[in-house]
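# Understanding the architecture of this molecule
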Amino acid sequence: MHAPAPLSAPPPTARDEWRASPLLPVAAGLGYATSVIHIYGIGPFYGPVAQEFGWSRTEVTFGLTLATLVQAVGGVFIGLAVDRWGPRRFGVLGLVLLGIAFALLGSTEGSLLNWYLLWGLVALAALPVQASVWTSAVASRFTASRGMAFAVTLCGASIAAGVFPPMATWLIGELGWRAAFPVQAAIWLAVAFPVIVLFFHGRYDKGRRQKAQDAGAKRADLPGATLREGLTSSVYHRLFVASLLFTFTVIALVVHFTAILGDAGASPMTAAAIASFVGWFSLAGRLGTGALLDRLPASLVGAAVFMLPVIGCLLLLLGSGSLVVMGLASALIGLTLGAEIDVVVYLLTRHFGLRNFGGLYGGLLAALSIGTAIGPLAAAQVYDRTGSYAGFLWLALAFMAASSVAIGTLPRGREAYAAH
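Along each chain, numbering runs from 1 in the same order as the chain's sequence is written. Local features are withheld for residues below a pLDDT of 70 in this predicted model, meaning they are given only at 70 or higher, and side-chain atom pairs are given and counted only at 80 or more; totals for whole chains, interfaces and linings count all residues. Side-chain numbers come from the whole structure's heavy atoms, not from hydrogens or water.

The chain goes by MFS transporter in an unreviewed UniProt entry, where it is assigned to Novosphingobium soli.

Written out as structure tokens, the structure reads:
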């Protein structure tokens, strides 16, 4: 008689996953917050830098545009490297390099060429700490609760939006803008770096410090799409289009939101207060979307989330300057801003698995970066040519509706790699 085949162990529950790696999403969230310090922490420096050197705001801001475009080009290559060697070494080393590069912005000598070269260093240092690094490690350890784990990780951007501007403003007032750059970098790294060093371990990291229970674990053994299969899939193409249109639209709305409210009749202080709702609601959007992704079809959740700015734009266009209407519009935009990457990353892992997650996400990151780079400039051009943001709001409405359709038409049946 043959011995009965051993029963396979049941898959871990959400509680099992959080018990095994409770601080990994927290460490990844701190890493993600640090990785956008040059985006969310630079705003308060624009005015003092421009005033000291006599530069225009466009000239000062163009350094960030350059950094974003470099990320768009290099994202795929970093993603492929993460797939091969694991995310830990990139995250730990990259944070140190980015902190140093951000600190060096305070040493600019007053020429635009020098300013842009320093931003070139920031761009290169930011490549190893892009979002795919942090989400890759989290995806490797969370399946049943992947949506909520991603939400905790990506809340790092909301934390950055809430912490870095007031920190920079206070430091500039106390120390001047030159000293504020290195001090801000040092303070934040002192908070985040120890947590990341101790708790940021992906299952497929390679090297001497690989956890004993993960020894022998190889990403190549995972079921999942090949890079070619992913890049040629219509599902991937729809995710790419949705990512591009989203960041083109919503990042531009966020950057120009205070000015849009001012044009609608709000006073400067009122406009700033209403615009702050975007940040608060982005935090709620991330956590709420994470919970929904673990319980409902992800494509339907994404389609609903991407429709919220359509309603927000209609409110801004037709609301006749009502403070309540403008506040509601900012809340709707904030909810989407807090959910977009959660939706895209979650759908990517569910449809294509983890084997080539870094490379495939690197391609989507290129779309996100291109939209971020050109959307705010396009909104400014519409305003300069027409004297109003109305034309861009109608364009934003159309683009977000198209994004919602692209996400909503993704397959909702049994996803090929849903168990991984």
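From this point, the narrative continues.
It is worth spelling out the overall build of the chain at this point. Only DSSP runs of H or I covering at least 4 residues are called helices, and only runs of E covering at least 2 are called strands; the numbering of each starts at the N terminus. Across its full length, the chain holds 19 helices and 0 strands. We compute the radius of gyration from the C-alpha atoms alone; for a globule the expected value is 2.2 Å times N to the 0.38, where N is the number of residues. For the chain, whose C-alpha radius of gyration is 22 Å, the value lies close to the compact-globule estimate of 22 Å for 420 residues. On the principal axes, the C-alpha backbone points of the chain span a range of 85 × 45 × 35 Å. Looking at the 420 residues of the chain, the share that counts as buried comes to 53%. At a minimum sequence separation of 6, the contacts of the chain that also span at least 24 residues come to 83%. When the accessible surface of the chain is summed, it comes to about 17,800 Å², and 68% of that surface belongs to carbon and sulfur atoms. Each residue's exposure class comes from its accessible area (1.4 Å probe, protein chains only) as a fraction of the maximum for that residue type: buried when under 20%, exposed when over 50%, partly exposed otherwise. Residues count as neighbours in contact if any of their non-hydrogen atoms are within 4.5 Å of one another. Exposure was quantified through the Shrake-Rupley algorithm and a 1.4 Å probe, taking into account, for residues, occlusion by the shown protein chains and nothing else.

Here the aromatic set is Phe, Tyr and Trp, taking the six-membered ring for Trp, and pairing holds for ring centres within 6.5 Å; pairs whose planes are under 30 degrees apart are stacked, those over 60 apart are edge-to-face, and all others are tilted. Inspection of the entire model under this criterion finds 17 aromatic pairs. Plain terms: the ring middles of Trp-55 and Trp-115 are 6.0 Å apart, the flat faces sit at 50° to each other, and that makes the pair tilted. With Trp-55 in the loop between helix H4 (43-53) and helix H5 (57-85) and Trp-115 in helix H7 (residues 112-126), this pair connects stretches of sequence that are 60 residues apart. In this structure Trp-115 comes out as buried when scored by relative accessible area, which is 0%. Centroid distance Phe-164 to Trp-188: 5.1 Å. Interplanar angle 85°. Geometry classified as edge-to-face. One end of the pair, Phe-164, is in helix H9 (residues 146-175); the other, Trp-188, is in helix H10 (residues 177-199), and 24 residues separate them in sequence. The class for Phe-164 is buried, based on a relative accessible area of 0%. Owing to a relative accessible area of 7%, Trp-188 belongs among the buried residues under this scheme. Cluster of aromatic residues (ring-pair linked, three or more members): Phe-45, Phe-53, Trp-55, Phe-102, Trp-115, Trp-119, Trp-177 and Phe-181.

On to the pattern of salt bridges, then. In what follows, salt bridge is the name for a side-chain nitrogen of Lys or Arg lying within 4 Å of a carboxyl oxygen of Asp or Glu. Scanning the model with the defined rule gives 3 salt bridges in all. Ionic pairing is found between Glu-52 and Arg-178, a salt bridge with its closest N-O pair at 3.7 Å. On the criterion of sequence distance, the pair formed by Glu-52 in helix H4 and Arg-178 in helix H10 is long-range, its members being 126 residues apart. Across the salt bridge formed by Arg-286 and Asp-342, the nearest N and O atoms sit 3.2 Å from each other. Of this pair, Arg-286 sits in helix H14 (residues 268-293) while Asp-342 sits in helix H17 (residues 340-352), and the two are 56 residues apart along the sequence.

What follows concerns the environment of Gly-106. Summarising the element assignment, Gly-106 is placed in the loop between helix H6 (88-104) and H7. We classify Gly-106 as buried; its relative accessible area is 10%. It is 9.4 Å that separates the C-alpha atoms of Gly-106 and Val-49, two residues lying 57 residues apart in sequence.

Another point: a nonpolar patch on the surface. Taken together, the side chains of Leu-23, Val-26, Leu-198 and Phe-199 define a hydrophobic patch exposed on the protein surface, amounting to about 330 Å² of accessible area. Note that Phe-199 resides in helix H10. Judged by its relative accessible area of 34%, Phe-199 falls in the partly exposed class. Exposure above 30% relative accessible area and no salt bridge define the residues that can form patches, which grow by joining like charges within 9 Å and nonpolar side chains of Val, Leu, Ile, Met, Phe, Trp and Tyr within 5 Å.

Phe-45, Leu-105, Trp-134, Phe-200, Leu-239, Leu-348 and Tyr-361 are the most contacted members of the largest nonpolar core, which has 120 residues in total. If we ignore the near neighbours within four places in the chain, the residues touching Leu-348 are Tyr-236, Leu-239, Gly-353, Phe-357, Leu-360, Tyr-361 and Leu-364. Definition used in this section: a nonpolar core is a set of buried Ala, Val, Leu, Ile, Met, Phe, Trp, Tyr and Cys residues joined via side-chain atoms within 4.5 Å.

The next thing to look at is the confidence of the model for the chain. The predictor rates its confidence in each residue with pLDDT, a number between 0 and 100. Summary statistics for the chain give a mean pLDDT of 82 and a share of 90% for residues scoring 70 or more. The model gives residues 416-420 a pLDDT under 50, and that stretch makes 16 contacts with residues more than four places away or in other chains.

Mapped onto the elements, Val-254 comes out in helix H12 (residues 234-255). Assessed through its relative accessible area of 32%, Val-254 is described here as partly exposed. Sequence spacing of Val-254 and Val-235 is 19 residues, and the spatial spacing of their C-alpha atoms is 28 Å.

Examined against the element boundaries, Leu-296 turns out to sit in the loop between H14 and helix H15 (298-318). It is 32 Å that separates the C-alpha atoms of Leu-296 and Tyr-40, two residues lying 256 residues apart in sequence.

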